[in-house]
Amino acid sequence: MDFNFSVEHGQLRETMRRFCEQQIAPLVWESEESETFPPHMFRRLGEMGLLGVRYPEADGGGGMDKIADCIIREEMSFVSQAYCSSWSAHTHLAIWPIWKAGTPEQKERFFKPAVRGEKIAAFGLSEPEGGSNIRALRTRAEKVPGGYRLNGAKLYITNSPSAAFVLAAARTRPELTPDAISLFIVELPSKGFTVSKLKKEGIRSSETGLIYIEDVFVPDDCLLGGREGTYPVILESLSENRVGVAASTLGIARGAFEAALRYAKERHVAGRPIAQYQAIAHKLADMAADIEAAKWLVYYGAWRVDQDNLDAATAAKVKLVSSETAVRVTEAAIRIFGGAGIMREYPVGRFHRDALVYVIGEGTSEIQRNIIARSLEIKL
Ligand SMILES: Cc1cc2nc3c(=O)[nH]c(=O)nc-3n(C[C@H](O)[C@H](O)[C@H](O)COP(=O)(O)OP(=O)(O)OC[C@H]3O[C@@H](n4cnc5c(N)ncnc54)[C@H](O)[C@@H]3O)c2cc1C
């Protein structure tokens, strides 16, 4: 079988381009400088149907395929990776497990308002002791009458400073195997659940929090998918989302490349546009070639999701190649800009800082290489 973009995919890309140019681009400077995500934006994304892209129409979603989802991510990240990260942490990581494993009542209470942008959601998996190694997770959930009492901490949790609920992963029975992890929906504010906003180098306007969880009571009806029932859901969500993250990094790379190409044609040094110096022209040629290669790998990954046969190693390859491409391309863009590349008034510094986030977030490049190596039957 083969894949290609349909007419509808092309129309979606055009619509997204217009939306991002008109409604996101004018806000980017201010929100990056103030390191805040515009409060109205989730509502706006909800009205546009962008918070439920992948979910069935019967559940209030758009019923679109993964290729469409990646087009949306690519175009959003072309303008702002920070906006795309906040959107994605909400719509993919945080509400997907509820859609997949939630009760009808949990879907009514949490999933549907989140799809409409009325409730902002966050996904709390990473911890101070366990980022790359989720099996090292330490947050405890002790059974008490009527619910569970949670204790622990979560680190680098996107959207948590303004979230209406956080999906918190915790261990109900630490004596079981490391993958015996449960997910709880913690409604905020909640006594004992403290979120402090972190200052970041990359994706500054996407809000990220450090969470302390001290004797937080979560009622039984906020346990998701049964006790220790959600580890496969978490893994599935991470794998699929790696392809999405790759689409984001493709958008960043394109953003930096287009800015650098424009600049190189306009900027004159010693009487010639710098694009005509072979050293610069070759950089631009390498950037264009790298982006083309990443693009087809990303959409091949998306197509594999749509065929329902994405394996973890393929997802890892897609993310590794595209995110590392974005780091290389955005760095090259800074070099092409010369001194201007270091100035904040140009976007390429931001693109580079943002690209670095995704050789770390959602599994570092080293972790992707481990996954790929294991698929080659190498014992690490
Ligand atoms: C901006 C941002 C937003 C985030 N949002 C969320 C979120 O919403 N929800 C959430 O749950 N998490 C989130 N994260 C956390 C993210 O998933 C982790 O930062 C990431 O998994 C890496 O974990 P760590 O930071 O603890 O690094 P560490 O695990 O401490 O890794 C440090 C270094 O050691 C390397 N390393 C670790 N283990 C191995 C190994 N086995 N083999 C080889 N090298 C190894 C890593 O590759 C890395 O280079 C976010 C992170 C960032 C930066």
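Residues numbered from 1 in each chain as written. Predicted model: local features only at pLDDT ≥ 70, side-chain atom pairs only at ≥ 80, totals over all residues.

A. View of helix 4 (residues 81–94). Between its first and last C-alpha atoms helix 4 spans 18 Å; for 14 residues at 1.5 Å apiece the expected length is 20 Å, and the two agree. The largest bend along helix 4 measures about 35° and falls at S88. (Helix = DSSP H or I, 4+ residues; strand = E, 2+ residues; numbered from the N terminus. Expected span 1.5 Å × (residues − 1). Bend = angle between axes of the 7 residues up to and from the residue.)

B. Region of the structure containing the environment of S206. Take S206: it is sitting in the loop between strand 6 (193–197) and strand 7 (208–219). When neighbours within four sequence positions are excluded, S206 is seen to be in contact with F37, A82, S85, S86 and T158. (Contact = placed C-beta atoms within 7 Å.)

C. Structural view of the site of the ligand. The local shell around the ligand holds 22 residues, among which L125, G131, S132, T364 and E366 are the closest. For the shell around the ligand, the elements supplying multiple residues, two or more each, are strand 1 (121–124), strand 3 (147–158) and helix 11 (365–375). Mapped onto the domain boundaries, the shell around the ligand takes at least three residues apiece from domain 2 (121–228) and domain 3 (232–375). (Near = placed C-beta within 6 Å. Domains from an automatic or database assignment.)

D. View of the packing of helix 8 (residues 278–306) against helix 9 (residues 312–337). In the contact formed by helix 8 and helix 9, the axes pass within 9 Å of each other and the chain directions differ by 155°. In terms of their interaxial angle, helix 8 and helix 9 are classed as roughly antiparallel. Remark: the crossing between helix 8 and helix 9 carries left-handed chirality. Packed against helix 8, whose contacting residues are I280, K283, M287, D290, I291, A294, L297, V298, G301 and R304, the element helix 9 presents T314, A315, V318, V321, S322, T325, R328, V329, A332 and I336 at the interface. (Axes fitted to C-alpha atoms, helices over the stretch in contact; angles between N-to-C directions. Parallel < 35°, antiparallel > 145°, perpendicular 65-115°, else oblique. Left-handed = near helix turned anticlockwise from the far one by under 90°.)

E. Seen up close, the packing of helix 3 (residues 66–79) against helix 4. Remark: helix 3 packs on helix 4, axes separated minimally by 6 Å, with the N-to-C direction vectors making an angle of 140°. By the angle class used here, helix 3 and helix 4 are oblique. Along its contact with helix 3, which presents R73, M76 and S77, the element helix 4 presents Q81, Y83, C84, W87 and S88. Taken together, the residues of the contact of helix 3 with helix 4 break down into 4 nonpolar, 3 polar and 1 charged. (Nonpolar A, V, L, I, M, F, W, Y, C, P; charged D, E, K, R; others polar.)

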